[in-house]
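# Chains, contacts and geometry: an overview
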Amino acid sequence: DTEVTQTPKHLVMGMTNKKSLKCEQHMGHRAMYWYKQKAKKPPELMFVYSYEKLSINESVPSRFSPECPNSSLLNLHLHALQPEDSALYLCASSSGQGSLETQYFGPGTRLLVL
Amino acid sequence: DQQVKQNSPSLSVQEGRISILNCDYTNSMFDYFLWYKKYPAEGPTFLISISSIKDKNEDGRFTVFLNKSAKHLSLHIVPSQPGDSAVYFCAARDSGAGSYQLTFGKGTKLSVIP
């Protein structure tokens, strides 16, 4: 089983709203990732959690706040977003235990900021 | 500077024929390469990978070839099927860098014509 699940599938929010994206995996993976993908572009890495600790933050604005409550869950809290933040937000996970790691992606959350 | 390049934005192939998708890289420290397939508004699906100690890896209809001296890899799909129509991303990783970060190419859109 290589499934990563994400909720919600679609999200529309105003610039003053607070919302959260959720990601879950039950593969025992210890590395989890948030990516942002715009149309016709490759995924752009935002954050990496390794063993529930934030290990990489790719200079993401503070209106995006990641959280890793446990080894299976990853959240992305959103506050005061801008219309240009509209994109597909992808979660991924990998074992975190070896060099030949494969990242498995979830289906994504399609976010529209109005 | 783009370290992973997919120079063909699109490719059209007749059903039943071979599809060849190409990828070039510049970072000689990359030691693990992956191909992902992506349908619109969905997350990338892992297809096949290859480590730098190999020059070929095969999985069913999919074969990846790696030419380290040329810093080139290719994905062969044979026979091509209409369901293979998607965007294909090449990704690479430098395991020695101590992070799990993947570097993606910009993708090639494959259209398989029935």
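My aim in this report is to walk through the structure given alongside it, one point at a time. (Residues numbered from 1 in each chain as written. Chains lettered and ligands numbered in written order. Predicted model: local features only at pLDDT ≥ 70, side-chain atom pairs only at ≥ 80, totals over all residues. Heavy atoms only, no water.)

Next up on the list: the packing of aromatic side chains. Residues and elements named next belong to chain B. Across all of its chains, the model carries 13 aromatic pairs over all chains by this definition. Taking 4.7 Å as the distance between ring centres and 45° as the angle between the ring planes, the aromatic pair formed by Y25 and F33 counts as tilted. What makes Y25 buried here is its relative accessible area of 7%. A relative accessible area of 1% places F33 in the buried class. Aromatic pair Y36 and F104: ring centres 6.0 Å apart, planes at 45°, arrangement tilted. (Phe/Tyr/Trp six-rings, centres within 6.5 Å; stacked < 30°, edge-to-face > 60°. Buried < 20%, exposed > 50% of the residue type's maximum accessible area, 1.4 Å probe, protein only.)

Before going further, it helps to examine the environment of N22(B). Residue and element names in this part refer to chain B. As for its position among the elements, N22 is in strand β3 (residues 19–25). Since its relative accessible area comes to 36%, N22 is described here as partly exposed. In this structure, the C-alpha to C-alpha distance between N22 and T108, residues 86 residues apart in sequence, is 8.6 Å. In this structure N22 touches K5, Q6, W35, H72, L73 and S74, once residues within four positions along its chain are discounted. Of the polar contacts made by the side chain of N22, one reaches the side chain of H72; its length is 3.2 Å. (Helix = DSSP H or I, 4+ residues; strand = E, 2+ residues; numbered from the N terminus. Contact = heavy atoms within 4.5 Å. Polar contact = N/O pair within 3.5 Å; in protein donor to acceptor, adjacent residues only side chain to side chain.)

All names here are of chain A. Mapped onto the elements, F47 comes out in strand β5 (residues 44–50). The class for F47 is buried, based on a relative accessible area of 1%. Taking the C-alpha atoms as reference points, F47 and W34, 13 residues apart in sequence, are found 5.2 Å from one another. Discounting chain neighbours no more than four positions away, the residues touching F47 are M32, Y33, W34, L54, I56, N57, V60, F64, P66 and L76.

The strands making up a sheet are joined through hydrogen bonds of the backbone, oriented either antiparallel or parallel. All names here are of chain B. Spatially, five strands are ordered β1-β3-β8-β7-β6 in an open sheet, and the strand pairing comes out antiparallel. Looking along the sheet, the strands with just one partner apiece sit at the ends: β1 (4–5) and β6 (56–59). With two bridges joining them, β1 and β3 adopt antiparallel strand pairing. Considered in β3, the bridge of V4 is made with Y25. (Pairing = 2+ DSSP bridges.)

All names here are of chain A. Only one face of strand β2 (residues 10–13) is covered, namely the one carrying L11 and M13; the face carrying H10 and V12 has none of its residues buried. Two strands pair when backbone bridges link them, and β2 and strand β11 (residues 109–113) are joined in this way by four bridges, in the parallel orientation. Bridged to H10 within β11 is R110.

On to a nonpolar patch on the surface. Taken together, the side chains of V12(A), L112(A) and L114(A) present a nonpolar region at the surface, about 290 Å² in accessible area. Mapping V12(A) onto the fold places it in strand β2. (Patch = residues over 30% accessible without salt bridge, like charges linked within 9 Å, V, L, I, M, F, W, Y side chains within 5 Å. Areas by Shrake-Rupley, 256 points an atom, 1.4 Å probe, with all protein chains shown as cover. Salt bridge = Lys/Arg side-chain N within 4 Å of Asp/Glu carboxyl O.)

Turning our attention to the interface of chain B and chain A. Residue-level contacts link 22 residues of chain B with 26 residues of chain A. Across the chain B/chain A interface, buried area totals approximately 1,800 Å², and carbon plus sulfur atoms make up 63% of it. Where chain B touches chain A, the interface holds zero salt bridges. Run the count over chain B and chain A and you get four residue pairs in polar contact (both at pLDDT 80 or more). Listed by contribution, the elements that provide at least two residues to the side of chain B that touches chain A are β4 (32–38), β5 (45–51) and β9 (86–93) of chain B. Looking at the side of chain B that touches chain A element by element, the count peaks at four residues for β4(B). (Buried area = accessible area lost by both parts, 1.4 Å probe.)

Everything listed is a geometric property; what it means functionally is a separate question.
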